[in-house]
Amino acid sequence: METLRYGKWHTLYTRMLRWCRAGVLDQVFKQLQRRRLMQVRIEAVCLDSRIVKVHPDDNGTPRKTGP
């Protein structure tokens, strides 16, 4: 089972977020490209609504004023 192999999704998310904010991932990719182990070229960014969730309070729907 993948959960056992990689850990809980929230733990992985927290770790990746921390690494991203600290610049660790940028440094990893720079070193991989410098050593010609991989090449990254971002041409476009696409956010898919199936994976990007919006909190119900922030999706633009009118607020309920009554019971």
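Residues numbered from 1 in each chain as written. Predicted model: local features only at pLDDT ≥ 70, side-chain atom pairs only at ≥ 80, totals over all residues. Heavy atoms only, no water.

Asks: Help me understand the overall build of the protein in this model?
Replies: When helices and strands are tallied, the protein shows three helices and zero strands. Scanning the protein from its N terminus toward the C terminus, one meets helices and strands in the order α-α-α. Residue burial in the protein is summarised as follows: out of 67 residues, 3% are buried. Total accessible area on the protein is roughly 7300 Å²; 57% of this is exposed by carbon and sulfur atoms. (Helix = DSSP H or I, 4+ residues; strand = E, 2+ residues; numbered from the N terminus. Buried < 20%, exposed > 50% of the residue type's maximum accessible area, 1.4 Å probe, protein only. Areas by Shrake-Rupley, 256 points an atom, 1.4 Å probe, with all protein chains shown as cover.)

Asks: What am I meant to see in unusual backbone geometry here?
Replies: In terms of backbone geometry, most residues other than glycine have negative phi values and most peptide bonds are trans. The phi dihedral of Arg36 is positive, around 60 degrees, even though this residue is not glycine. The topology assignment puts Arg36 in the segment after α3 (24–34).

Asks: I would appreciate a short explanation of the environment of Leu12 in the present structure.
Replies: Tracing the chain through its elements places Leu12 in helix α2 (residues 9–22). Leave out the neighbours within four places in its chain, and Leu12 touches Tyr6 and Gly7. (Contact = heavy atoms within 4.5 Å.)

Asks: What should I look at first to understand a nonpolar patch on the surface in this one?
Replies: Together, Met16, Trp19, Val24, Val28 and Phe29 line one region of the surface with nonpolar side chains, adding up to about 410 Å² of accessible area. Only α2 and α3 provide two or more residues apiece to the nonpolar patch. Among the elements that line the nonpolar patch, the one with the most residues is α3, at three residues. Residue Trp19 is classed as partly exposed on the basis of its relative accessible area, which comes to 35%. (Patch = residues over 30% accessible without salt bridge, like charges linked within 9 Å, V, L, I, M, F, W, Y side chains within 5 Å. Salt bridge = Lys/Arg side-chain N within 4 Å of Asp/Glu carboxyl O.)

Taken by themselves, the reported measurements are silent on function.
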